[in-house]
Structures are given as structure tokens and as C-alpha cells.
Amino acid sequence: MRKFIIEDPLGLITVSLPDKHCVFCSHCSDVFYDYSNGPYMCLCTKDNDTAQWEHCADFDDVDGEGDNNGNK
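Residues numbered from 1 in each chain as written. Predicted model: local features only at pLDDT ≥ 70, side-chain atom pairs only at ≥ 80, totals over all residues. Heavy atoms only, no water.

(A) Layout of the pairing of strand β1 (residues 2-8). Here β1 lies mainly inside the structure; five of its seven residues are buried. Pairing geometry for β1 and strand β2 (residues 11-17), over seven bridges, is antiparallel. The residue of β2 that forms the bridge with I5 is T14. Hairpin connection between β1 and β2: a loop of two residues separates the two successive antiparallel strands. (Buried < 20%, exposed > 50% of the residue type's maximum accessible area, 1.4 Å probe, protein only. Helix = DSSP H or I, 4+ residues; strand = E, 2+ residues; numbered from the N terminus. Pairing = 2+ DSSP bridges.)

(B) Highlighting the pairing of strand β3 (residues 28-34). Pairing between β3 and strand β4 (residues 38-44): six bridges, direction antiparallel. From the neighbouring strand, C28 faces β4, where its bridge partner is C44.

(C) Quick look at the environment of D58. Within the fold, D58 resides in the segment after β4. Taking the relative accessible area as the measure of exposure, D58 reaches 31% and is therefore partly exposed. Taking the C-alpha atoms as reference, D58 lies 8.2 Å from H27; in sequence the two are 31 residues apart. Residue contacts for D58: discarding those within four places in its chain leaves C25, H27, K46 and N48. (Contact = heavy atoms within 4.5 Å.)

Below, the structure is given as C-alpha cells:
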């Protein structure tokens, strides 16, 4: 599990997501979230079905391990 951190006007939102989730992929172009429930939809530049992220052959880790802010 990795931490995904969203900088929201209401403050920082931190959620734990699986290591190979779309939000940690370099092909993820947009993440939609609800401040009370966290991320609920991602868009992929390769037009992959992001609902099937656990089977994606195109996953390209943004920065190795750690969260999306570069923290290990």
C-alpha cells in the first residue's frame, strides 16, 4: 500500500491505495476525487480501462516506491 496525497483547499487528504493503482502511473492524466471519500475516477492517456487497473500491462510507476510527493 502507498499513500496518495491530495492538496485540497480544505487541507491535505491522504488515502492508502494499492502499489500499482492508476494514481501512481505515469499514464494517469487526471484524478477525480470527493473530499470526503477520496479518489473515485482516473483517466489514462493510453485509453485503458482504469477500473481494471490491477490487470494493466501498461503500468509505469511514476517514481518507484513512496507516495506521490516523493516521500519513501
